[in-house]
Amino acid sequence: MGARTCTWGRGSAMSRFFTTGSDSESESSASGDELAPKPAGGNYSKPLLLSEDEEDTKRVVRSAKDKRFEELAALIRTIRNAMKIRDVSRCLEDFELLGRAFAKAKGVLERDGPPRFYIRILADLEDYLAELWEDKEGKKRMNKNNAKALSSLRQKLRKHNREYEAQIGAYRQNPELSDEDEEKKSRDSEASSSSSSSSSSGDEDEAGAFLKKRDEGRSRFLKAPGGAKARGSMGALWGTVMGGSASPSSASASGGGWGSSGSGFEEEEEEEGEGKGPSLQLASRFLKRDEERRGGGERRRGERPRRKRAPRSRREEEEEDNEGGEWEKVKGGAPLVKEKPKMFAKGTEITPAVVLKKLNEILQARGKKGTDRAAQIELLQLLVAVANENGLGAALEIKIKFSIIASLYDYNPNLATYMKPELWQRCLSCIEELLDELFLHPEIFIGENILEESENLSNPEQPYRVRGCILTLVERMDEEFTKIMQNTDPHSQEYVEQLKDEARVCGIIARLQRYLQDKGSTEELCRVFLRRVLHTYYKFDYGAGDPHVGGRSGAQGPAEDSAALMERLCKFIYAKDRTDRIRTCAILCHIYHHALHSRWYPARDLMLMSHLQDNIQHADPPVQILYNRTMVQLGICAFRQGLIKDAHNALLDIQSSGRAKELLGQGLLLRSLQERNPEQEKVEKRRQVPFHMHVNLELLECVYLVAAMLLEIPYMAAHEFDARRRMISKQFHHQLRVGERQPLLGPPESMREHVVAASKAMKMGDWRSCHRYVVNEKMNGKVWDLFPEADKVRAMLVRKIQEESLRTYLFTYSSVYDSISMEILSAMFELDLPTVHSIISKMIINEELMASLDQPTQTVQMHRTEPTPQQNLALQLAEKLGTLMENNERVLDHKQGSYGGYFRDQKDGYRKGDGGYLRRGGYRQQERGSNY
């Protein structure tokens, strides 16, 4: 009966209920055919009686701490397996699970703190990630998921380890802490039992130190009186029915089968002997011996890393062998000297034909998939050296150098990518060497129109002819320089270092110009002149002979002034160019240079004579960006000269659009994906202007707003009661409305707030407050100090503010005065008397002010012809009432229909016109209204 009861339980019941029958009963029941399970409706009415010893020991129950440690140990085991196969993404997933599991276990670990095996995995994982992070080559070979997981795991582990820095530091100082110390600590804490003595110091053994308490309890139960028979019958049942598999509790605790450590069965087998009954012998067949268990476990623990390490070491050896032949084996501690690859077979006679054939073989692989571009460049360099050693002539060397430069440009197949610094420096050096060869051998003719069949590379009896275009290579070099500057962080020191190469670029362009002046065509000269203009027009000339002015490098004789240089280059293009694009770019650059150096009238005249504003919308985007930059610089120049209206008109189109940053090619605005796809975004990014050519957008907006203030505030004061008043600047009015909507008005902070506060002060005629808001330390640092002649600009601003404040004052308060002395006005606004006289005279002539000047008394006599404010309001009310009445009549006609409206038209004096029904009385009313 007891055997049947145990068998029906299938593991969980077996661990709970054991009968107390005699030895003979248990043996007979175990040896018979009664091993089949009893149906669920069996007889269980009689209570099961336990012996006193079994009542003392009871069943073994795992504590919450043991369960948590089992979970942590399993996760740590999977993390270590993932570390061995370099699966970083799996490490990241398991680490997140480990963090959640440890957070659950904190409740049972508050007294003892984190266990040592948990601190060990944190330290080992940190070292492992540091090793992977330092391995640059290994990171390149990683797939995308592992590379992304490496960065995420490294960041999360750093954040997690901050809480356990002290424990990790203590572990690193004493990593060889013995398991006996752990056992002692566990016994002292009364929460864990002694650690198993193991030859391995892994995390599973440390976790086992805390889990052995359960196993010892189970072994004590099996050693109790009557427990051997029960254990024997139970082993027989497990061996027969389950094939020797372990119970769930023991399997989960040990991570294996019957051979898990600390189970206690083998110890009992040694004590009981072999003659205790057939059940024990039957169970022993399915149980591993203690020696086999320990030996197998040690073997498994020892062989598993070897089986995983062996393929990894072979793979690393294969990768080292397949790295392109960069590494060589050493003999006797000294590396073998790597021989250069032989271009030709031994004993081959080096002739121009042989070298040319080899050159064609190398160039045939150009552009093909899988071609090693770096090796191709090295082969071409080696071919130049071979040609030079054998004295095959300069023409052949020039042809090979053309191919080298073209290969350098082809190194990056994507147009959006820029050249690496080492390739860029090599490209500059190759072009300079090519120019040196061309200057040394003027008898060699080069050109892109020369066919390969008509080339002459070695026959001295005929002129040397080489196919190639040096101008195209230089233009491509200039474009590469622009791409390098576009893709470099403008706020870094690297940008400054890259910008230093512009002197070499300008020197190469100047040397090319000198070469083409003797052998180039007119079209080629126009193209190279435009390149020099594009490197000169945006630079401010601080004085003649300054070596930093663009385009002077490589020039012969004394340094040329930038204005004279621009004049000479642009006039040549105006006269000789046959393409509209080069001429348009030259004109815009010339205007920009004039405006930058405050030559307003030549810049304005050149812009008006060119008529570019009529058809610039048909030009390509880079030319339009250049046009926008020129107009902006023209407006800033007019502002510096005190021409406020001209400055406002020049800047109006750019600033009113709200897209100044994009129109000037200085960045992209955030738009919806429907307006710009990724391909269009790449194209627009390639059109961006490098940072050192940018126009300060805050300075531009400040200039525009100040110019709008000086124009708008007097106009608003003069037409305060005009219902049909127009706006000069919508953006300026928008800023005023934003300032009025603010619930709390504090001191201005931003540039816009300063301009709004200054506008309010000017509207009241307070020029001093207006001047303080516009010109102060904060505004000087942001805007005014950026001008070349900042003091002159500030002096001009003071004078303009005084004059416009005087005009605003007269418009606002003219109805209050019968007469006012010009001397008083001069003292109020700190202007000299002739200036005040001139301003008031212009206002009277333009019919802006209804007044007259009394010359003997130097006073202004006000006339009462203009309507008073009350009269102005009455006129506005009459106009609005008339409009409202007309709208009501239209609505009534619409409701009653056109039939009734027709007869009412005939009766009430309506007439039908082209634009609908018009009221005759309305004309009479307008005539009467005009007589007010």
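Reading the values: the criteria
Residues numbered from 1 in each chain as written. Predicted model: local features only at pLDDT ≥ 70, side-chain atom pairs only at ≥ 80, totals over all residues. Heavy atoms only, no water. Pairing = 2+ DSSP bridges. Helix = DSSP H or I, 4+ residues; strand = E, 2+ residues; numbered from the N terminus. Axes fitted to C-alpha atoms, helices over the stretch in contact; angles between N-to-C directions. Contact = heavy atoms within 4.5 Å. Phe/Tyr/Trp six-rings, centres within 6.5 Å; stacked < 30°, edge-to-face > 60°. Buried < 20%, exposed > 50% of the residue type's maximum accessible area, 1.4 Å probe, protein only. Salt bridge = Lys/Arg side-chain N within 4 Å of Asp/Glu carboxyl O.

Q: How should the sheet that holds strand 5 (residues 819-821) be read in this particular structure?
A: Note: strands within a sheet are paired through backbone hydrogen bonds, in either parallel or antiparallel orientation. Taken in spatial order, the three strands line up as 5-7-6 in an open sheet, and their pairing is antiparallel. With one partner strand each, in any of the chains shown, strand 5 and strand 6 (851-854) form the two edges of the open sheet. In this sheet, adjacent strand axes meet at a mean angle of 20° when their direction is disregarded. Strand direction decides the pairing type here: strand 6 and strand 7 (residues 859-862), joined by four bridges, are antiparallel. Paired with Leu853 across the bridge in strand 7 is Val860. Seen against the sheet, helix 40 (residues 822-829) touches strand 5, strand 6 and strand 7 and runs at an angle of roughly 60° to strand 5. Contacting strand 6 and strand 7, helix 41 (residues 833-845) runs over the sheet at an angle of about 145° to strand 6.

Q: Could you clarify how one ought to interpret the packing of aromatic side chains in this entry?
A: A ring pair, where both rings are aromatic, is described by two values, the distance of the centres and the angle of the planes. On inspection of all chains with the given rule, the structure shows 15 aromatic pairs. Seen from their ring centres, Phe69 and Phe117 are 5.7 Å apart, and the 85° between their planes marks the pair as edge-to-face. Separated by 48 residues along the polypeptide, Phe69 in helix 5 (residues 64-84) and Phe117 in helix 7 (residues 116-134) bring together distant segments of the chain. Phe117 gets classed as buried once you look at its relative accessible area, which sits at 1%. Ring centres of Tyr809 and Tyr813 lie 5.0 Å apart, and the angle between their planes is 50°; this geometry places the pair in the tilted category. With Tyr809 and Tyr813 both in helix 39 (residues 790-813) and four residues apart, this pair spans about one turn of that helix.

Q: Honestly, the pattern of salt bridges in this entry has me stumped. Any pointers?
A: Pairs can form between side chains of opposite charge once their charged atoms are near each other. Summed over the entire model, instances satisfying the criterion amount to 33 salt bridges. The salt bridge involving Glu497 is made with Lys500; its shortest N-O contact spans 3.4 Å. Glu701 is paired through a salt bridge with Arg752; the nearest N and O atoms lie 2.7 Å apart. With Glu701 in helix 34 (residues 697-718) and Arg752 in helix 36 (residues 751-763), this residue pair connects regions lying 51 residues apart in the sequence. Three or more residues joined by partner-sharing salt bridges are found here, namely Glu126, Asp127 and Arg172.

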